[in-house]
Amino acid sequence: MGTEVEVSEPLIEKIAAVNDEEEEADQPIPEWKDQITIRGLVASAIMGTLFCIITHKLNLTVGIIPSLNVAAGLLGFFLVKSWTSFLSKLGFSIKPFTRQENTVIQTCVVACYGLAFSGGFGSSLLAMDERTYQLIGADYPGNRAEDVKNPGLGWMIGFVVVVSFLGLFSLVPLRKVMILDYKLTYPSGTATAMLINSFHTNTGAELAGKQVRCLGKYLSISFFWSCFKWFFSGVGNSCGFDNFPSFGLTLFKNTPTYVGCGLICPHIVNCSVLLGAIISWGFLWPFISQHAGDWYPADLGSNDFKGLYGYKVFIAISLILGDGLYNLIKIIAITVKEMWNRSTRDSKLPFVNDVQDTETSKLLLEQKEREIVFLKDGIPTWFAASGYVGLAAISTATIPTIFPPLKWYLVLCSYLLAPALAFCNSYGTGLTDWNLASTYGKIGLFIIASLVGTDGGVIAGLAACGVMMSIVSTAADLMQDFKTGYLTLSSAKSMFVSQLLGTAMGCVIAPLTFWMYWTAFDIGSPDGPYKAPYAVIFREMAILGIEGFSELPKHCLALCCGFFVAALVINLLRDATPTKISRFIPVPMAMAVPFYIGAYFAIDMFVGTVILFIWELVNQKDSEDYAGAVASGLICGDGIWTIPSAILSIFRVNPPVCMYFGPAVGS
């Protein structure tokens, strides 16, 4: 999920100039090979593993994944700085830790844990498994037993290996156009660059040390709280502090992870989640439940798609599709408009104004230096083109062996269209910071599922979704990293190589960490903590692409159409109204999540946003400096506990105590 942010180039250059002034004079810029170090790769692998675990956990529980870039930059700085300080005290001669090396670590980590999301482990790939098939129902039209493929470590690693590298080669020749000619802002990449630049100044290093201590403190609190909760969680679903009646007996499952998400996600996203929970679980589901026996049979199970469960899933799908379609059209319209303006030399992109002050010449020199460094170590166009063609050929031959219903010519057509879609997504991300990879994936899902039809359309559509998501997501991530590298005076070649290395790590680490969850926990259980909400949603989308809407419960289609239109209208209002009004209008995509998986996490995220809001009122600067560190600590601590928890579960070690909370007798 993203939020629209505009960052002007003059501001970027001024901040960069200030950061550069604080650095040691005439600090040499390392060669691209020297920017990639063994210690950096080791730190990247450690953090990549941690962030893959966190991403899987969020993907399998609530489906909302906040940006962990700040935590990656901060932890990368901390790990390498700690290591170099330790070796220095032992008397070893240590190579200085530069911002270029810090940028390489950041790039490598993001590439690694990005695969935990874009690989489809919590959505398209998991939607193929037997649990999801059974949840939808063996007698549900279009849901065939033949369209089942359970997760396997071998085929999952093979799949991500053959699809994950293509996106990196698809847009490499356009890096100069996107970064220097169009001057796309890539707000997240720019913010990451500013963060890394600040670490490598005297004042910034001091603040970074305080942020690391803050992160460590809240990581420890979160870890030991999760450990403490496990000790009393016993056997069964009603034991433990997760069922503590902190907001009444119906609102529970408080966890540091979701409070941390609330601290990182924008206020409007957290409030949208809470609003969605109130609308769905406070009004809509009770209203539909009153018509049991009329709109749907009253004796159905809680997970039967012909009953209330069907309304939950399909209305959530309608909100997600409405929001995704609107933003896709919006990004394409913005892209076409800005490119047309540029072609007629009337462009307003990227919000550039001439700097009319005494620093003009200095800023121009700074910019010239960045451009020289960025273009110095080029990546030949022939190398990128041959890499894409070669990988596409290998993938076209390999994917049909993993997913037989997805024929080679459909894979080939996907790869012929992929560079154009990757460009649209990368351009849109550079303008607005919205990465619409999942939307492009859903479009591929519908098209391929409908083309293949009833005989294998579900598996083919879900596999095509995974292919498209991976390509357009990694292409946008690469351009973000090029922007970060441009602003930190890092070589474009070192950025590309670190992306390749991070992706290679992710191809092994992401499936392995998912396999840990799959082996240790009951993934996909609607009554457990790992509901995997998007698995059911994506499988239903594939079935819809084949069967249409004929089997929906009574009035479900009308309600879906209403919420689909509502998503379009709400987004239109967000764009049409002034900022002072639009910042209070909810985000439909965020509203959709609790419609399906429940309201329990909405309270936690709202608690996080309330804490941040009060913190901002009391001390704005402190909140800006430390909120990200606190949130990252809460998320990372809970994520780290998942490892021993999974090991205990694999060895069938149960918590020793069951603590149960219930209403008083006679109340």
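To keep things clear, this report deals only with the structure shown in the data block. Owing to the predicted nature of the structure, the values given are computational and were not obtained by experimental measurement.

Conventions and cut-offs
- Numbering of residues starts from 1 in each chain and follows the order in which that chain's sequence is written.
- Local features in this predicted model are restricted to residues of pLDDT 70 or higher, and side-chain atom pairs are both shown and tallied only at a pLDDT of 80 or more, whereas totals for entire chains, interfaces and linings draw on every residue.
- The side-chain numbers reported here are obtained from all heavy atoms of the structure, hydrogens and water having been left aside.
- Strands are runs of DSSP state E lasting at least two residues, helices are runs of H or I lasting at least four, and both sets are numbered from the N terminus onward.
- The contact criterion used throughout is that any non-hydrogen atoms of two residues lie within 4.5 Å.
- Here a pair means two rings of Phe, Tyr or Trp (six-membered ring of Trp) with centres within 6.5 Å. Their orientation is stacked below 30 degrees between planes, edge-to-face above 60, and tilted elsewhere.
- Whether a residue is buried, partly exposed or exposed follows from its accessible area with a 1.4 Å probe, protein chains only, as a fraction of its type maximum: under 20%, in between, or over 50%, in that order.
- In plain words, nonpolar cores are sets of buried Ala, Val, Leu, Ile, Met, Phe, Trp, Tyr and Cys residues tied together by side-chain atoms within 4.5 Å.
- Given a helix with a known number of residues, its expected span is that number minus one, times 1.5 Å.
- Only the contacting stretch of a helix is used when fitting its axis, a line to C-alpha atoms as for every element, and angles between N-to-C directions run 0 to 180 degrees.
- Angle categories are assigned with fixed cut-offs, so that under 35 degrees is roughly parallel, over 145 is roughly antiparallel, 65 to 115 is roughly perpendicular, and the rest are oblique.
- Here a crossing is called left-handed whenever its near helix is offset anticlockwise from the far helix by less than a right angle, and right-handed whenever the offset is clockwise.
- In this count, Pro and Cys sit with the nonpolar residues alongside Ala, Val, Leu, Ile, Met, Phe, Trp and Tyr, while Asp, Glu, Lys and Arg are called charged and the others, Gly among them, polar.
- Counted as a polar contact is a pair of N or O atoms within 3.5 Å, where, for protein atoms, one must be capable of donating a hydrogen and the other of accepting one, and residues adjacent in sequence contribute only when both atoms are in side chains.
- Within this document, salt bridges are pairs made up of a side-chain nitrogen of Lys or Arg and a carboxyl oxygen of Asp or Glu, the two lying within 4 Å of each other.

Topic: the overall build of the chain
So, point 1. When its secondary structure is counted, the chain shows 26 helices and 0 strands.
So, point 2. Taking as baseline every contact in the chain between residues at least 6 positions apart, the subset at least 24 positions apart corresponds to 83%.

Focus on the packing of aromatic side chains
So, point 1. By the definition in use, this model includes 26 aromatic pairs.
So, point 2. Ring geometry for Y296 versus Y311: centroids 6.0 Å apart, planes at 55°, classification tilted. Within this pair, whereas Y296 is found in the loop between α13 (267-289) and α14 (308-343), its partner Y311 is found in helix α14, the two being separated by 15 residues in sequence.
So, point 3. On the basis of relative accessible area, Y296 is assigned to the buried category, the value being 9%.

With respect to the nonpolar core
Most often, soluble globular proteins keep nonpolar side chains buried together rather than apart.
So, point 1. Core analysis: the biggest nonpolar cluster contains 185 residues, and F51, I399, F403, L406, Y415, F482 and F601 have the highest contact counts within it.
So, point 2. Those residues in contact with F482, other than ones at most four positions away along the chain, are R175, I179, F374, I379, A492, M495 and F496.

Remarks on the environment of P529
So, point 1. With respect to the helices, strands and loops of the structure, P529 is situated in the loop between α20 (492-520) and α21 (533-547).
So, point 2. Between the alpha carbons of P529 and T61 there is a distance of 6.3 Å; along the sequence they are 468 residues apart.

What about helix α7 (residues 153-164)?
So, point 1. Between its terminal C-alpha atoms α7 stretches 16 Å, which fits the 16 Å expected from 12 residues at 1.5 Å a residue.
So, point 2. Considered for burial, the residues of α7 that qualify are W155, M156, F159, V160, V162, V163 and S164.

With respect to the packing of helix α12 (residues 256-264) against helix α25 (residues 600-618)
So, point 1. Axis separation between α12 and α25 bottoms out at 7 Å; the angle between their running directions is 45°. Viewed along their axes, α12 and α25 adopt a mutual orientation that is oblique. With respect to the hand of their crossing, α12 and α25 are arranged in right-handed fashion. Residues Y258, V259, C261, G262 and L263 of α12 touch α25, and the partners they reach there are Y600, F601, D604, M605, G608, T609, I611 and L612.
So, point 2. In terms of residue class, the contact of α12 with α25 is made up of 9 nonpolar, 3 polar and 1 charged.

A word on the side chain of S118
So, point 1. Summarising the element assignment, S118 is placed in helix α5 (residues 99-118).
So, point 2. Residues contacting S118, with those up to four places away along its chain left out, are G466, M469, S470 and S473.

Notes on the side chain of T488
So, point 1. Inspection of the secondary structure puts T488 in the loop between α19 (457-487) and α20.
So, point 2. Its relative accessible area of 0% is what places T488 among the buried residues.
So, point 3. In terms of polar contacts, T488 uses its side chain to reach the side chain of T103, at 3.1 Å.
So, point 4. Looking at T488, its side chain comes within polar contact range of the side chain of S490, at 2.9 Å.
So, point 5. Excluding residues that lie within four positions of it along the chain, T488 makes contacts with R99, Q100, T103, A193, I196, N197 and R370.

Here's the deal with the pattern of salt bridges
When their charged atoms lie close together, side chains carrying opposite charge are able to pair.
So, point 1. Counting across every chain of the model gives 9 salt bridges.
So, point 2. For the salt bridge of R131 with D522, the shortest nitrogen-to-oxygen distance reads 3.0 Å. Taken together, the residues span a long stretch of sequence, with R131 in helix α6 (residues 130-136) and D522 in the loop between α20 and α21 at a distance of 391 residues.
So, point 3. Exposure remark for D522: the relative accessible area of 44% places this residue in the partly exposed category.
So, point 4. We note a salt bridge from K621 to D625, for which the minimum N-O separation is 2.8 Å. Taken together, the residues span about one helical turn, with K621 and D625 both in helix α26 (residues 620-650) at a distance of 4 residues.
So, point 5. Overall, the relative accessible area of 54% leaves K621 in the exposed class.
So, point 6. The structure contains a network of salt bridges with shared partners spanning R144, D147 and D455.

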